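Observations on the model geometry
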Amino acid sequence: MKKLKKVWILTLMAAGFAMVLGCSNSSSSEEQNDPVDGDKVITVFDPEDYTGDEGEKVVRDGVTYLKITVDEWDIVINVNPINLVGKTKFKCTMYGEEPNADYIYKIKLADSAYDDISNIEMNGIVTTPTEREAGVAEKTEWNKVSETFLCDRIQPVVLDSSIEGYPAQSGVVVYIGKITAE
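The notes below deal with the structure included here. Every value quoted in this text rests on a predicted model; they were computed, and no experiment measured them. (Residues numbered from 1 in each chain as written. Predicted model: local features only at pLDDT ≥ 70, side-chain atom pairs only at ≥ 80, totals over all residues. Heavy atoms only, no water.)

Description of the overall build of the protein chain
When helices and strands are counted, the protein chain shows one helix and ten strands. Across the protein chain, helices and strands are ordered from the amino to the carboxyl terminus as α-β-β-β-β-β-β-β-β-β-β. Looking at the 182 residues of the protein chain, the share that counts as buried comes to 43%. A separation threshold of at least 6 residues defines the contact pool for the protein chain, and within that pool the share at least 24 residues apart is 73%. Accessible surface, the protein chain: about 9,500 Å² in total, of which carbon and sulfur atoms supply 47%. (Helix = DSSP H or I, 4+ residues; strand = E, 2+ residues; numbered from the N terminus. Buried < 20%, exposed > 50% of the residue type's maximum accessible area, 1.4 Å probe, protein only. Contact = heavy atoms within 4.5 Å. Areas by Shrake-Rupley, 256 points an atom, 1.4 Å probe, with all protein chains shown as cover.)

Below you can see the structure in the form of C-alpha cells.
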C-alpha cells in the first residue's frame, strides 16, 4: 500500500494539484488516505500538529488552537489529503476573539477544486471554545461508497449577516481547534 500511495501522490502532483508542503494532519499513518470505516472517527485537522504558514498556535486551557486573522475568502489552510468517503458528521471546536452578533464564523472543508464537503458554522458572539457540528454540504454528491473524496484544505471565513449578501470580512480573528469526521 505504501508504494501505491507514493505513486498516487506523484500522479496528483503531475496533474497540477497543489500539494501540501510543511503541513500535516494529526496522524501520519497510511490509513488516513485509505477508504475509511464509516464508524471510525478520524482527524481532518489538528492545530497541535500543524506546521504551515497560516496563523499561529495558541494554547487555551491546555488545548491548542490555530489563531487566524481572516482576509475575506483568501485564507486557505492546506492539510494532507484525507479520504472522507462515508463521513457525514464533522466537528470543530472554535471561537472568535471579539464578540459580534452580526458575524457568522464558518470553517469550510473542501477539496482541491474548492468544492464544499462541509461548512461548520458558529454565531460571532461566541468568545469561548465551543464545539460545533455540521453534516455534509447540501450540494455534495461525492458520498458514494465506491468513490474516493479527498479533503485537502480548510478555509476559515467570517461573514457579516447585517449586510445584504453576507460579505466576507477581513481582519477578524477566529481560533480553530481540532476538526474530526465520523
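Describing the side chain of Lys 106
Summarising the element assignment, Lys 106 is placed in strand E6 (residues 103–110). For Lys 106, the side chain forms a polar contact with the side chain of Glu 121, separated by 3.5 Å. When sequence neighbours within four positions are dropped, the list of residues in contact with Lys 106 reads Asn 119, Ile 120, Glu 121, Gln 155, Pro 156, Val 157 and Leu 159. (Polar contact = N/O pair within 3.5 Å; in protein donor to acceptor, adjacent residues only side chain to side chain.)

Focus on the packing of aromatic side chains
Aromatic rings considered in pairs are described by the distance between their centres and by the relative angle of their planes. Here the structure, examined in full by the defined rule, presents three aromatic pairs. Seen in terms of ring centroids, Phe 45 and Tyr 50 are 5.6 Å apart; in terms of plane orientation they differ by 65°. Their pairing is edge-to-face. Take Phe 45: its relative accessible area is 0%, and that puts it in the buried class. According to the relative accessible area criterion, Tyr 50 is buried, its value standing at 5%. Put simply, the rings of Tyr 65, Tyr 95 and Tyr 175 touch in pairs and so form one group of aromatic residues. (Phe/Tyr/Trp six-rings, centres within 6.5 Å; stacked < 30°, edge-to-face > 60°.)

Some details on the sheet that holds strand E7 (residues 116–123)
In spatial order, the strands read E4-E9-E6-E7; together these four strands make up an open sheet with antiparallel pairing. Each end of this open sheet is capped by a strand with a single partner; those strands are strand E4 (77–83) and E7. Averaged over all pairs of adjacent strands, the angle between their axes in this sheet comes to 25°, without regard to strand direction. Two elements, E6 and strand E9 (residues 150–160), share eight bridges in a ladder whose sense is antiparallel. (Pairing = 2+ DSSP bridges. Axes fitted to C-alpha atoms, helices over the stretch in contact; angles between N-to-C directions.)

What to know about unusual backbone geometry
Of note in the backbone geometry, Glu 72 takes a positive phi value of approximately 50° without being a glycine. Take Glu 72: it is sitting in the loop between strand E3 (63–71) and E4. A positive phi angle, near 50°, is found at Tyr 166, a position not held by glycine.

Things to note about the pattern of salt bridges
Summed over the entire model, instances satisfying the criterion amount to seven salt bridges. In this structure, Glu 133 and Lys 91 form a salt bridge, with 3.9 Å as the shortest nitrogen-oxygen distance. Linking Glu 133 in strand E8 (residues 130–134) with Lys 91 in strand E5 (residues 90–96), this pair joins segments that are 42 residues apart in sequence. Among the charged side chains, a network of salt bridges with common partners joins Lys 89, Lys 91, Glu 133 and Glu 182. (Salt bridge = Lys/Arg side-chain N within 4 Å of Asp/Glu carboxyl O.)

A closer look at the pairing of E7
Sheet topology note: the E6/E7 ladder contains seven bridges and is antiparallel. Residue pairing for E7: Tyr 105 is matched across the bridge by Met 122.

Details of the side chain of Lys 108
Considering the arrangement of structural elements, one finds Lys 108 in strand E6. With relative accessibility at 11%, the residue Lys 108 sits in the buried group. Among all residues touching Lys 108, those that are not within four sequence positions of it are Tyr 114, Asp 116, Ser 118, Asn 119, Arg 153, Ile 154 and Gln 155.

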